[in-house]
Amino acid sequence: MTRLAMSRRHGLRLLAAAAVLAVAPAARAADFAGKTIEWVIPFSVGGGSDVWARFFAPLLAEQLPGRPTVVVKNVPGGGSITGANQFQTRARPDGLTILGTSGSTQFPYLLDDPRVKYQYKDWSTVLASPTGGVVYVNPDLGVKGPGDIARLRGREMKYGSQGATSLDLVPLLAFELLELDVKPVFGMKGRGDGRLAFERGEAAIDYQTSSAYLRNVVPLVKAGKAVPLFSWGVLDDSGAFVRDPTFPDLPHFIEFYEQATGKTPSGIAFAAFKAFNTAGFAVQKGVFLPKGTPADIVAAYARAFQAVVDAPGFKEKAGDEIGVYRQATGAAAQKMLDVALAIDGEAKGWVKKWLTEKHGVKFEN
């Protein structure tokens, strides 16, 4: 064989190898045809996270490669710690199990709760969903707005709570700032259980995240069985609280506080409230894949969620179901989560001390 022929053959081999490499990514691309994906929600049925996941699940199924079936699996307990721990230890990195979390999952993590076995740094973030929330009361209390705050002061009110270190930390701090005598009844498996306690008359004050409020509480308001007081508000680009776009007719917490007390909130307690409100609502819900998930699967989920939020009519559907909030996917979602998990040390220290003194929460040194 001549040197020229050998050179040509070698060149053909290189071209063949390059062709194999060129198609390799496509061959390895994620495909979920015929598969069932389990979306773990570590809360009970009917709460904000459950409503949010069930809204997104069919939309996600349509956009993932192969159009798999996406089913929501509720694993309540421990203010979401139980389900998140199980995901950390049991979920396989094959793209067939995803986790949806809430601020109730982030708070124990931030507060060094010894029950927490999960690590956000191990997971890949593919969606970050801001949300809001609304506090409402029993109409029998005779309160319709901040001008009636005196009717609440000095009056013991029960509140169905998942736990002091869950997302309920935000309303508990708000009640503290307003100097209300709210007695939390801990042990609720989800915010949906808190709402049911309110409906049964076992609790006089409650709050729900936007999705659950829109679906389950607005009918109560229309029927005269609940009176909304305020939303948590959202942060604008300068970091200031403004009204929640989903509830533009409701004052946000700071507005309500100022009208009720005639003062502007300040001090370490308010700094703590603002910090945890940001962590609990600005990036309140997220979708994660477990440690070790291949890059092509992570990318497939990020693209699918981006396609969901870019689809015609999504904003209208979302506005009716989960509220009008900007969704982040892929790298943008990961960046938002990193910001949300960066809590000021002084605020964190004050909250831990307050939780111990007020609610008997014990922290390891």
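Everything below is about the structure shown above.
What you are looking at is a predicted structure, and each value in this text was computed from that prediction instead of being measured. (Residues numbered from 1 in each chain as written. Predicted model: local features only at pLDDT ≥ 70, side-chain atom pairs only at ≥ 80, totals over all residues. Heavy atoms only, no water.)

J.: Would you take a moment to explain the layout of surface pockets for this structure?
T.: Gaps left between atoms are located by rolling a probe of water-molecule size over the structure's atoms. Within this model, the largest pocket holds a volume of roughly 630 Å³. Around the largest pocket, the lining is made up of 25 residues, and of these P130, L235, A282, R326 and M336 lie nearest the centre. Counting only elements with at least two residues in the lining of the largest pocket, the list comes to β10 (234-235), β11 (241-242), α9 (267-282) and α12 (330-340). (1 Å grid on protein atoms, 1.4 Å probe; cavity = no way out; pocket = protein on both sides within 12 Å on 5 of 7 lines; lining within 4 Å. Points joined across faces, edges and corners; volume = space filled by probe spheres on them. Helix = DSSP H or I, 4+ residues; strand = E, 2+ residues; numbered from the N terminus.)

J.: Honestly, the sheet that holds strand β8 (residues 205-209) in this entry has me stumped. Any pointers?
T.: The pairing of strands in a sheet comes from backbone hydrogen bonds and takes either a parallel or an antiparallel form. Taken in spatial order, the three strands line up as β8-β5-β9 in an open sheet, and their pairing is antiparallel. Edge positions in the sheet fall to β8 and β9 (227-231), since each of these pairs with one other strand and no more. Here the strands of the sheet are splayed against their neighbours by 30° on average, with no regard to which way each runs. Both strand β5 (residues 133-137) and β8 contribute to a ladder of five bridges, which runs antiparallel. (Pairing = 2+ DSSP bridges. Axes fitted to C-alpha atoms, helices over the stretch in contact; angles between N-to-C directions.)

J.: What am I meant to see in the environment of I254 here?
T.: Checked against the element boundaries, I254 lands in helix α8 (residues 253-261). Spatially, the C-alpha atom of I254 lies 7.6 Å from that of T264, the residues being 10 residues apart in sequence.

J.: Got a minute to help me understand the packing of aromatic side chains in this structure?
T.: For any two aromatic rings, the description comes down to two numbers: the centre-to-centre distance and the angle of the planes. Tallied over the full model, the rule gives 32 aromatic pairs. For the ring pair F87 and W123, a centre distance of 5.5 Å and an interplane angle of 85° mean the geometry is edge-to-face. Separated by 36 residues along the polypeptide, F87 in helix α3 (residues 81-90) and W123 in the loop between α4 (103-110) and β4 (124-129) bring together distant segments of the chain. You'll find F87 and W123 in the same group, each marked buried. Taking 6.0 Å as the distance between ring centres and 80° as the angle between the ring planes, the aromatic pair formed by Y118 and Y120 counts as edge-to-face. Pair check on accessibility: Y118 and Y120 agree, each one buried. Aromatic ring contacts, followed pair by pair, group Y207, F230, W232, F253, F256, Y257, F270, F273 and F281 into a single cluster. (Phe/Tyr/Trp six-rings, centres within 6.5 Å; stacked < 30°, edge-to-face > 60°. Buried < 20%, exposed > 50% of the residue type's maximum accessible area, 1.4 Å probe, protein only.)

J.: Honestly, the nonpolar core in this entry has me stumped. Any pointers?
T.: Grouped burial of nonpolar side chains is what soluble globular proteins tend to show. Among the nonpolar cores identified, the biggest contains 65 residues, and L169, W232, F253, F273, F276 and L355 are the most heavily contacted of them. Among the elements that take part in this core, α9 stands out by supplying eight residues, more than any other. If near-sequence neighbours (up to four positions away) are discounted, L169 is found in contact with F107, L111, A164, F276, V351, W354 and L355. Grouped together as the second largest cluster of nonpolar side chains are 33 residues, W39, L64, I297 and A300 included. (Core = buried A, V, L, I, M, F, W, Y, C linked by side-chain atoms within 4.5 Å. Contact = heavy atoms within 4.5 Å.)

J.: Please explain empty space enclosed by the protein as it appears in this structure.
T.: Evaluation of the coordinates by the stated rule reveals two cavities of 30 Å³ or more. The volume enclosed by the largest cavity comes to roughly 90 Å³. Along the walls of the largest cavity sit 15 residues, with F43, G48, S49, Q162 and R191 positioned nearest its centre. Secondary-structure elements contributing two or more residues to the lining of the largest cavity are α2 (48-63) and β8. Considering every element that reaches the lining of the largest cavity, the biggest residue donor is α2, with three residues. Grouping the amino acids of the lining of the largest cavity by side-chain chemistry returns three nonpolar, nine polar and three charged. (Nonpolar A, V, L, I, M, F, W, Y, C, P; charged D, E, K, R; others polar.)

J.: What should I look at first to understand the sheet that holds strand β2 (residues 69-74) in this one?
T.: The mixed open sheet is built from six strands, whose spatial order is β2-β1-β3-β12-β4-β13. Among the strands making up the open sheet, the edge pair consists of β2 and β13 (328-329). As paired strands, β4 and strand β12 (residues 285-289) are joined by five bridges and run antiparallel to one another. Among the inter-strand pairings, T125 is bridged to a residue of β12, identified as F288.

J.: Looking at this model, I keep getting lost on the pairing of β9. Mind explaining?
T.: The two faces of a sheet get side chains in turn, since along a regular strand they alternate between them. Across the five residues of β9, five count as buried, placing the element largely inside the fold. Both β5 and β9 contribute to a ladder of four bridges, which runs antiparallel. Its bridge partner lying in β9, V134 is registered against S231.

J.: What's the story with the pairing of strand β3 (residues 97-101) in this structure? I'm lost.
T.: Summarising burial for β3: five of the five residues are buried, a large majority. Covered by surrounding structure in β3 are T97, L99 and T101 together with I98 and G100, the residues of both alternating faces. As defined by bridge partners, strand β1 (residues 36-41) adjoins β3 across three bridges and the pair is classed as parallel. Residue pairing in the sheet places V40 in a bridge with L99 of β3. Note that β3 and β12 share three bridges and pair antiparallel. Bridging across to β12, L99 finds its partner in F288.

J.: Is there a simple way to explain the environment of V143 in this structure?
T.: Here V143 lies in the loop between β5 and β6 (157-161). On the basis of relative accessibility, which here comes to 1%, the residue V143 falls in the buried class. Sequence-wise, V143 and F56 are 87 residues apart; in three dimensions their C-alpha atoms are separated by 36 Å. In this structure, V143 is in contact with V137, D148, R151, L152, V227 and L229, ignoring residues within four places of it in sequence.

Any link to function would need more than the numbers given here.
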